[in-house]
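Here is what each chain is made of, one letter per residue.
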Amino acid sequence: MIEVENLSKTYSGFRAVQGISFHVDKGEIVGFLGPNGAGKSTTMKILTGYLPPTDGKIRIAGFDVVTDSIEVRKRIGYMPENVPLYTDMRVNEFLRFRAELKKVARRKIKERVEIVKGLCHLKDVENKIIGTLSKGYRQRVGLADAMVNDPDLLILDEPTIGLDPNQIRSVRELIKDLGKHHTILLSTHILSEVELTCSRVLVINRGRIEASDTPANLTKLVRGGGSILLEVRAPSADIVAKIEALPNIEDVEIVLPNDGEWVQATIFGKPGVDIREDVYNVVRANNWPLRELARKKATLEEAFVELTQD
Ligand SMILES: Nc1ncnc2c1ncn2[C@@H]1O[C@H](COP(=O)(O)OP(=O)(O)OP(=O)(O)O)[C@@H](O)[C@H]1O
Ligand SMILES: [Mg+2]
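Residues numbered from 1 in each chain as written. Chains lettered and ligands numbered in written order. Predicted model: local features only at pLDDT ≥ 70, side-chain atom pairs only at ≥ 80, totals over all residues. Heavy atoms only, no water.

(A) Expanded view of the overall build of the protein chain. In terms of helices and strands, the protein chain carries eleven helices and 14 strands. Computed over its C-alpha atoms, the radius of gyration of the protein chain comes to 25 Å, more than 25% above the 19 Å expected for a compact globule of 310 residues. Projected onto its principal axes, the C-alpha coordinates of the protein chain cover approximately 80 × 45 × 30 Å. A buried classification covers 46% of the 310 residues belonging to the protein chain. (Helix = DSSP H or I, 4+ residues; strand = E, 2+ residues; numbered from the N terminus. Rg over C-alpha atoms; globule rule 2.2 N^0.38 Å. Buried < 20%, exposed > 50% of the residue type's maximum accessible area, 1.4 Å probe, protein only.)

Below you can see the structure in the form of structure tokens.
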């Protein structure tokens, strides 16, 4: 659905995007992640034909964004970073106006507007002036606008920015629903959202792609992704010595040294080896009172930090 080859964008001498290549297949929900200024919005504006690339080849549904921009725009629903809404229009009026602008067939306009109002839960506010809506509802109007021409591909630039946790959840559910019938590329800084919605993640940093993988695979890259948290009452030195004597152990770190009291340790095993049973056997053999033995799961946030921090 999206094919990007060697895309670069230079803003008056500054290389914001530095020769990136990636693809998004039909039906995927791909999270586009990266720190502030990484080049996410720039890339999205180029994909949607709002900004010309400095170099590179971009195809959307087989059409070149530069030479076939009309065909490309017909197939894309774009929700930009700062949703530009007409704040003195009513929701109904605005969506009809946008449908006309996007050349939705006259006889279809009413039906499409009804459908997107339903999808985005806007029926309650359909006659309200957009300027009087809360931020969450405005975001939904932006989403409804992006979908009014029934595009195959949705490009959403931080669709949940500034929303409260309830609204984030409801927009997330909406995106998941939309993902059943649309291909979606979305940027966001809310990584828990990505773990819950995206089948794949692209990480961009300083204009270069750092990773492209499933959220699960990215978290496996993190050091200590499969580490063990142990909390026992035993001298720290004993814990380190006896656990380190086991096979398949890479490192033992004392988190909370407090001899004679409860001690927390993080135990790093060799990659791919489950060391929990061995650790438990040491605890039992030494009669250490045990309060916790748990596998620590690395988060996408940790993977993000490792990939994007220098
Ligand atoms: N019109 C412009 N003129 C000059 N530089 C620009 C322009 N637009 C963006 N940039 C620069 O290009 C870089 C990438 O910006 P971009 O908006 O694509 O980042 P982003 O990944 O979307 O960041 P954020 O998470 O903050 O939205 C930044 O260094 C930014 O300052
Ligand atoms: Mg941005």
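(B) Broad picture of the environment of Leu 95. In this structure, Leu 95 sits in helix α3 (residues 91–101). Owing to a relative accessible area of 0%, Leu 95 belongs among the buried residues under this scheme. Along the backbone, Leu 95 and Glu 126 are 31 residues apart, and their C-alpha atoms lie at a distance of 9.5 Å.

(C) Molecular detail of the nonpolar core. If you look at the biggest cluster of nonpolar residues, it comprises 46 residues, and the most contacted ones within it are Val 141, Leu 156 and Ile 184. Setting aside residues up to four positions removed in sequence, Val 141 forms contacts with Leu 85, Val 91, Phe 94, Leu 95, Leu 122, Ile 130 and Leu 133. (Core = buried A, V, L, I, M, F, W, Y, C linked by side-chain atoms within 4.5 Å. Contact = heavy atoms within 4.5 Å.)

(D) Layout of the domain arrangement of the protein chain. What the domain assignment reports for the protein chain is domain 1 (2–219) and domain 2 (223–295). Each of domain 1 and domain 2 has a C-alpha centre, and these two points are 46 Å apart. (Domains from an automatic or database assignment.)

(E) Local environment of the side chain of Thr 308. When you line up the elements, Thr 308 lands in helix α11 (residues 300–308). Thr 308 sits in the buried class, given a relative accessible area of 11%. A polar contact is formed between the side chain of Thr 308 and the backbone oxygen of Phe 304, at a distance of 2.7 Å. With residues up to four places along the chain from it excluded, the contact list for Thr 308 reads Pro 35, Val 203 and Asn 205. (Polar contact = N/O pair within 3.5 Å; in protein donor to acceptor, adjacent residues only side chain to side chain.)

(F) A look at the sheet that holds strand β9 (residues 200–205). Here we have six strands laid out as an open sheet, ordered β6-β7-β8-β3-β9-β10, and mixed in their pairing. Edge positions in the sheet fall to β6 (76–79) and β10 (208–213), since each of these pairs with one other strand and no more. The sheet shows a mean angle of 15° between the axes of neighbouring strands, direction not considered. On the sheet, helix α5 (residues 135–147) packs against β6 and β7 (153–157) and is oriented at approximately 160° with respect to β6. (Pairing = 2+ DSSP bridges. Axes fitted to C-alpha atoms, helices over the stretch in contact; angles between N-to-C directions.)

(G) Spatial organisation of the sheet that holds strand β1 (residues 2–11). With respect to topology, four strands assemble into an open sheet ordered β2-β1-β4-β5, the strand pairing being antiparallel. Both outer strands of the open sheet, β2 (14–24) and β5 (63–64), are each paired with one neighbouring strand and no more. Summarising the sheet, strand β4 (residues 55–60) and β5 pair through two bridges and their orientation is antiparallel. Residue pairing across strands places Arg 59 opposite Asp 64, the latter belonging to β5.

(H) Spotlight on the coordination of the magnesium ion (ligand 2). Protein coordination at the magnesium ion (ligand 2) comes from Ser 41 (OG) and Glu 81 (OE), with a distance range of 2.0 to 2.2 Å. Taken together, the residues Ser 41 in helix α1 (residues 40–47) and Glu 81 in the loop between β6 and α3 connect sequence positions 40 residues apart. Accessibility expressed as a relative area gives 13% for Ser 41, which makes it buried. (Donors = N, O, S within 2.8 Å, 3.2 Å for Na, K, Ca; no water.)

(I) Fine view of the packing of aromatic side chains. Per the counting criterion, the structure on display carries four aromatic pairs. Look at Tyr 86 and Phe 94: their rings are 5.9 Å apart centre to centre, the planes differ by 40°, and that puts the pair in the tilted class. With a relative accessible area of 40%, Tyr 86 lands in the partly exposed category. Where Tyr 86 meets Phe 97, the ring centres are 5.4 Å apart and the plane angle is 80°; that geometry is what we call edge-to-face. A residue pair is termed long-range when its members are at least 10 positions apart, and Tyr 86 in the loop between β6 and α3 and Phe 97 in helix α3 qualify at eleven residues. Members of the aromatic cluster, each reached through a chain of ring pairs, are Tyr 86, Phe 94 and Phe 97. When the ring centre of Tyr 50 is taken as reference, the NZ or CZ atom of Arg 73 above it lies at 4.5 Å. Above the plane of the ring of Tyr 137 lies Arg 140, whose end atom (NZ or CZ) is 4.4 Å from the centre. (Phe/Tyr/Trp six-rings, centres within 6.5 Å; stacked < 30°, edge-to-face > 60°. Lys NZ or Arg CZ within 6 Å of the ring centre and 35° of its normal.)

(J) Structural detail: helix α10 (residues 276–285). Every buried residue belonging to α10 is among Val 279, Val 282 and Val 283, and all of these are buried. Around the axis of α10, the buried residues are gathered within 100° of arc, so they sit on the same side. Facing away from the buried side of α10 by more than 90 degrees, the exposed set consists of Glu 277, Arg 284 and Ala 285. On its buried side, α10 packs onto β11 (228–233), α9 (236–244), β13 (262–269) and β14 (290–295). (Arc of directions from axis to C-beta.)

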